[in-house]
Amino acid sequence: QVQLVESRGGLVQAGGSLSLSCAASGSIFSPNAMGWYRQAPGNQRELVATVTSSGQTNYADSVKGRFTIDRDYAKNRVYLQMNSLKAEDTAIYYCNLETYAGGRTSNYWGQGTQVTVSA
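Please read these numbers as outputs of a predicted model, since none were measured by experiment. (Residues numbered from 1 in each chain as written. Predicted model: local features only at pLDDT ≥ 70, side-chain atom pairs only at ≥ 80, totals over all residues. Heavy atoms only, no water.)

Taken in spatial order, the 4 strands of this open sheet run β1-β3-β8-β7, and their pairing is antiparallel. Two strands close off the open sheet at either side, each with one partner strand: β1 (2-6) and β7 (67-72). The mean angle between the axes of side-by-side strands here comes to 15 degrees, regardless of whether they run parallel or antiparallel. (Pairing = 2+ DSSP bridges. Helix = DSSP H or I, 4+ residues; strand = E, 2+ residues; numbered from the N terminus. Axes fitted to C-alpha atoms, helices over the stretch in contact; angles between N-to-C directions.)

Taken as a whole and assessed by the stated rule, the structure comprises 1 disulfide. The disulfide bridge from Cys22 ends at Cys95, spanning 2.0 Å between sulfur atoms. For the disulfide bridge between Cys22 and Cys95, the dihedral angle about the S-S bond is near -85 degrees, and by the sign convention the bridge is left-handed. Here Cys22 is found in strand β3 (residues 18-26), whereas its partner Cys95 is found in strand β9 (residues 91-101), with 73 residues between them in sequence. Among the residues examined, Cys95 registers a relative accessible area of 0% and is labelled buried. (Disulfide = S-S within 2.5 Å. Buried < 20%, exposed > 50% of the residue type's maximum accessible area, 1.4 Å probe, protein only.)

Before going further, it helps to spend a moment on the environment of Ala23. Its place among the elements puts Ala23 in strand β3. In the structure, Ala23 is positioned 53 residues away from Asn76 in sequence and 6.1 Å away in space, judged by C-alpha atoms.

In this section: the side chain of Arg66. Inspection of the secondary structure puts Arg66 in the loop between β6 (57-59) and β7. Assessed through its relative accessible area of 10%, Arg66 is described here as buried. Polar contacts involving the side chain of Arg66 include one to the main-chain carbonyl oxygen of Ser62, which spans 2.8 Å. Not counting the four nearest positions on each side in its chain, Arg66 is found in contact with Gln81, Met82, Asn83, Ser84, Leu85, Lys86 and Asp89. (Polar contact = N/O pair within 3.5 Å; in protein donor to acceptor, adjacent residues only side chain to side chain. Contact = heavy atoms within 4.5 Å.)

A word on the side chain of Arg38. You can see Arg38 is positioned in strand β4 (residues 31-39). Given a relative accessible area of 6%, Arg38 falls into the buried group. Of note is the side chain of Arg38, whose polar atom sits 3.3 Å from the side chain of Ser62. If we ignore the near neighbours within four places in the chain, the residues touching Arg38 are Gln44, Arg45, Glu46, Val48, Ser62, Val63, Phe67, Glu88, Asp89, Ala91, Ile92 and Tyr93.

This part is about unusual backbone geometry. Note: most residues except glycine have negative phi, and most peptide bonds are trans. In the Ramachandran plot, Ser30 falls in the positive-phi region, its phi being about 50 degrees despite a non-glycine side chain. Secondary-structure assignment places Ser30 in the loop between β3 and β4. Despite not being glycine, Ser84 shows a phi value in the positive range, around 50 degrees.

Soluble globular proteins tend to pack their nonpolar side chains together in the buried interior. Judged by nonpolar contacts, the single largest core of 28 residues is most densely connected at Trp36, Leu80, Met82 and Tyr93. The set of elements that each furnish at least two residues to this core consists of β1, β3, β4, β5 (46-51), β7, β8 (77-82), β9 and β11 (113-118). Those residues in contact with Leu80 that lie beyond four places of it in its chain are Leu18, Ser19, Leu20, Trp36, Val48, Ala49, Phe67, Thr68, Ile69 and Tyr93. (Core = buried A, V, L, I, M, F, W, Y, C linked by side-chain atoms within 4.5 Å.)

Laid out in C-alpha cells, this is it:
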C-alpha cells in the first residue's frame, strides 16, 4: 500500500507565496514521476508540475516562472514552491506518484489540500 500525505495548504493574498510538500510512504517500487495537480470548482483536474526520476521537470504554462517543483529522491518527497500567486491558482492541490514496474504504470494520489488566493 502506498500513501501520499500532503502538507496543509492555506489562504494567501494575491502576489504572495506558499509552499507545499508531499511525502510518499509504503511499498514503493520503481518510482517514476512525482508531481502536483490541481482542481478548481467546476473544472477538471489539471497538471501543475511534474518531475521525473531523471530530474526532468514539466510545468503548466499558467505557472511557468512562478512555481518551482523539487524532489527528494531518497525520502520520496516532492515540493512545490508557489510565488506570485493569483486568484486563479485557487484550487485543491493533489500530490501524485507514478510508478512503473513489470510493464505496468500505477498512479497514487494524496488526499488533496486547499489553496485559496484572495484577490
